[in-house]
Amino acid sequence: MANCKQPVCQEKFKTMIGGQALIEGIMMQGPDKRAIVVRGPEGIVTKVEPLKKRTGWLSWPLIRGVVNFGSAMVSGVKALMYSADFFPEEESEPSKLDQWLEKKLGSEKMQQVVIYTAVVLGMALAVGLFFLLPTLISGLFDSLVHNAVARSVVEGVIRIVIFLGYMILVSKMKDMRRVFSYHGAEHKTIRCYEAKLPLTVENARQMTRLHPRCGTSFLFVVIVLSILITALFSALVPISNVFLRTLTRLALLPVIVSIAYEFNRFVGRHDNRLTRILTAPGMWFQNFTTNEPDDSMLEVAIEALTLVLPEQEGTDEW
């Protein structure tokens, strides 16, 4: 059996296959299919669905980033809710609002409402915590910092501190530790596949749990780009009013997400000293969002990855 130990095993190619950790499971998405694998109380359960490929203007650079980000949020929440159904909390009477919605919309439409509400609330929380809050806090220093670019730098430092603090706090939560271990299993399995080794628990176990094409790295790139772009915007259009600055941050957010997506695509396709330097901070942040998995988690990740492998070898190359 092929075996290796890091750093001997090297990436032989880069795959577009990516995933997301769930509650006792993993979602993997390939070029043609999406698979959800959950280790439920009665054993491993799998769900596979085909993907629709985007064409036309939705696939254009600087547009596809926002589209793919929104799509990933929706599919991620759906998968998370699917996995949570295998581990229901203590049964309780549904609220009057739940009963009314189910009566008016039906159970299927009601689930769609819940999913999209969760996506909107999740995005609102992220935007508020990592973008609006730093802008409002930085406004407290307006009497001390009069230069528009300097104010943007102060705002950026606050944003990074909040992001780092959030990551550390979440990583300490007991309920999140197993989810982050499944995140580590997802990365190790993809690393094993990209090293062109047989997908076995033994081979995957020896891989690193950090991966340059990860959602955590993408979020960090968004944070850093927001600092650079808002500083440039402030140099061109100085705005002293903190509420107007907040509105400009909201307006710039789709641009920042789009550029971050294209940046990740670029560094994800190249492996040299420059790209390793550029991806290093995001990789470091993954120390908070990934844990070492056990063998049962690696089995789930391998099953999920196997289910989305393309029929023709190489068509998933990034």
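In this report, we go over the structure that sits alongside the text. (Residues numbered from 1 in each chain as written. Predicted model: local features only at pLDDT ≥ 70, side-chain atom pairs only at ≥ 80, totals over all residues. Heavy atoms only, no water.)

Before going further, it helps to examine the pairing of strand S1 (residues 18-22). Across five bridges, the pairing between S1 and strand S2 (residues 25-29) is antiparallel. Residue Gly-19 lies in a different strand from S2, and its bridge partner there is Met-28. Connecting S1 to the next strand, S2, in antiparallel fashion are two residues, including Glu-24 with a positive phi near 55 degrees. (Pairing = 2+ DSSP bridges. Helix = DSSP H or I, 4+ residues; strand = E, 2+ residues; numbered from the N terminus.)

Take the pattern of salt bridges next. Tallied over the entire structure, the rule returns 15 salt bridges. Arg-249 is the salt-bridge partner of Glu-155, the closest N and O atoms lying 2.9 Å from each other. Of this pair, Glu-155 sits in helix H3 (residues 148-172) while Arg-249 sits in helix H7 (residues 242-269); the two residues are 94 residues apart in sequence, bridging distant segments of the chain. Under the relative-accessibility criterion, Glu-155 is labelled buried at 0%. (Salt bridge = Lys/Arg side-chain N within 4 Å of Asp/Glu carboxyl O. Buried < 20%, exposed > 50% of the residue type's maximum accessible area, 1.4 Å probe, protein only.)

With that settled, the discussion passes to the pairing of strand S4 (residues 43-50). Where strand S3 (residues 33-40) lies against S4, eight bridges are found, and the strand directions are antiparallel. Bridge pairing in S4 places Val-37 opposite Thr-46. As consecutive antiparallel partners, S3 and S4 are separated by two residues.

To continue, consider empty space enclosed by the protein. Inspection of every chain in the model, using the stated rule, returns one cavity of 30 Å³ or more. Its boundaries defined by the atoms lining it, the largest cavity holds a volume of some 70 Å³. Residue lining of the largest cavity: Pro-212, Arg-213, Ser-217, Phe-220, Val-221, Phe-263, Asn-264, Val-267, Gly-268, Leu-278, Thr-279 and Gly-282, and that is the complete set. With four residues, the single largest contributor to the lining of the largest cavity is H7. Its residues assigned to classes, the lining of the largest cavity comprises six nonpolar, five polar and one charged. (1 Å grid on protein atoms, 1.4 Å probe; cavity = no way out; pocket = protein on both sides within 12 Å on 5 of 7 lines; lining within 4 Å. Points joined across faces, edges and corners; volume = space filled by probe spheres on them. Nonpolar A, V, L, I, M, F, W, Y, C, P; charged D, E, K, R; others polar.)

On to the packing of aromatic side chains. Considering all chains together, one arrives at ten aromatic pairs under this definition. Ring centres of Phe-13 and Tyr-193 lie 5.3 Å apart, and the angle between their planes is 80 degrees; on these two criteria the pair is classed as edge-to-face. Highlighted residues: Phe-13 in the segment before S1 and Tyr-193 in helix H4 (residues 174-194), separated in sequence by 180 residues. One exposure class covers both Phe-13 and Tyr-193, and it is buried. Measuring from ring centre to ring centre gives 5.3 Å for Tyr-82 and Phe-86, while their planes differ by 80 degrees; the resulting arrangement is edge-to-face. Since its relative accessible area comes to 24%, Phe-86 is described here as partly exposed. One aromatic cluster is present, built from ring pairs that chain together Phe-130, Phe-163, Tyr-166, Phe-220, Trp-284, Phe-285 and Phe-288. Positioned over the ring face of Tyr-82 is Lys-47, at 4.7 Å from the centre of the ring. (Phe/Tyr/Trp six-rings, centres within 6.5 Å; stacked < 30°, edge-to-face > 60°. Lys NZ or Arg CZ within 6 Å of the ring centre and 35° of its normal.)

In this section: H3. Here H3 contains 25 residues, and its C-alpha end-to-end distance of 37 Å stays within 8% of the 36 Å for a straight helix at 1.5 Å per residue. Listed in full, the buried residues belonging to H3 are Ala-148, Arg-151, Ser-152, Glu-155, Gly-156, Ile-158, Arg-159, Ile-162, Phe-163, Met-167, Val-170 and Ser-171. In this structure Asn-147 caps H3, since a side-chain oxygen of it lies 2.9 Å from the backbone nitrogen of Val-149. (Expected span 1.5 Å × (residues − 1). Polar contact = N/O pair within 3.5 Å; in protein donor to acceptor, adjacent residues only side chain to side chain.)

Across the interface, H4 lies against helix H8 (residues 273-289) with an axial gap of 9 Å and an inter-helix angle of 135 degrees. What the angle tells us is that H4 and H8 run oblique. Judged by residue contacts, Phe-180, His-183, His-187 and Arg-191 of H4 engage Met-283, Gln-286, Phe-288 and Thr-289 from H8. (Axes fitted to C-alpha atoms, helices over the stretch in contact; angles between N-to-C directions. Parallel < 35°, antiparallel > 145°, perpendicular 65-115°, else oblique. Contact = heavy atoms within 4.5 Å.)

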